[in-house]
Amino acid sequence: MGRPPEAVSGRIVLASASTARASLLRAAGIDFTIEPAAIDEAAIKREARRGGESAIGVAVILAAEKARAVSQRNPDSLVIGSDQLLASGTAWLDKPCDLGEAREQLLGLRGGTHILATAVCVAQEGVPVWGATSTPELTMRHFSEEFLDEYLAAEGEALLGSVGAYRLEGRGVQLFSRICGDYFAILGLPLIELLGFLRERRLLPA
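This section reports on the structure supplied with the text. It should be emphasised that the depicted structure is a prediction, and the values quoted were computed from it without experimental measurement.

Focus on the environment of Gly-51
In this fold, Gly-51 is placed in the loop between helix H2 (41-50) and helix H3 (55-73). Accessibility expressed as a relative area gives 66% for Gly-51, which makes it exposed. Separated by 16 residues in sequence, Gly-51 and Ala-67 place their C-alpha atoms 22 Å apart.

Below, the structure is given as structure tokens:
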């Protein structure tokens, strides 16, 4: 995917409303603006399911669609799109609608291993020019329901913005017995690879 590295005169745009992704970019010293993409993610997932697509394949499609949609409105910018699916066996989990659904999701994940299929895509002039993926594996310990209820009460509705109803950067780390993979990808963005691409485009110092 891509054209040769070249300087970009415009800005960097994050095509996401994710506070976690924005925080990662800010902490890394990236100057960017935010313009969430309005795409029908549910419809794309349903069609991908019917076509037998894998979780990481769907994450790639969604990241590219987000980047492409916002890039068409910002042709002089590099637009970053990203997406993440939680795959547990054959099930794909979305962000919980409420704390009751969050509790059910966590009970379903308890004691097992799941994958966070994470993809990032950069688009320019409405065309994807670069992408990367990561598939961290996380194993939840067999926590008690007492612990779970305390956890839900402490974290509250902040959990509703995360697939799987946990934030690894917060109290959610206590849910796990084993984590294998890129920490930044777990938070929602393959950041190291993205920074490398931005350096190639001379948007960061070498």
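Now that the structure has been shown, we can carry on.
Topic: the side chain of Lys-45
Looking at the secondary structure, you find Lys-45 in helix H2. Judged by its relative accessible area of 17%, Lys-45 falls in the buried class. In this structure, Lys-45 is in contact with Val-58, Leu-62, Leu-85, Trp-92 and Asp-94, ignoring residues within four places of it in sequence.

Brief notes about the nonpolar core
Formed by 43 residues in total, the largest nonpolar core has its most connected members in Leu-25, Ile-80, Leu-106, Tyr-151, Tyr-166 and Leu-175. Ranked by the residues each element gives to this core, the list is headed by helix H7 (residues 191-200), at five residues. Apart from the residues lying within four places of it in its own chain, the contact partners of Tyr-151 are Leu-106, Leu-159, Ala-165, Tyr-166, Arg-167, Arg-171, Gly-172 and Leu-175. Core analysis: the second largest hydrophobic core is formed by 15 residues, Ala-48, Ala-59, Trp-92 and Ala-123 among them.

Observations regarding the side chain of Asn-74
Along the chain, Asn-74 turns up in the loop between H3 and strand S3 (78-88). Side chain to side chain, Asn-74 and Glu-35 meet in a polar contact 3.1 Å long. Setting aside chain neighbours within four positions, we find Asn-74 in contact with Arg-11 and Glu-35.

Conventions we followed
Residues numbered from 1 in each chain as written. Predicted model: local features only at pLDDT ≥ 70, side-chain atom pairs only at ≥ 80, totals over all residues. Heavy atoms only, no water. Helix = DSSP H or I, 4+ residues; strand = E, 2+ residues; numbered from the N terminus. Buried < 20%, exposed > 50% of the residue type's maximum accessible area, 1.4 Å probe, protein only. Contact = heavy atoms within 4.5 Å. Core = buried A, V, L, I, M, F, W, Y, C linked by side-chain atoms within 4.5 Å. Polar contact = N/O pair within 3.5 Å; in protein donor to acceptor, adjacent residues only side chain to side chain.

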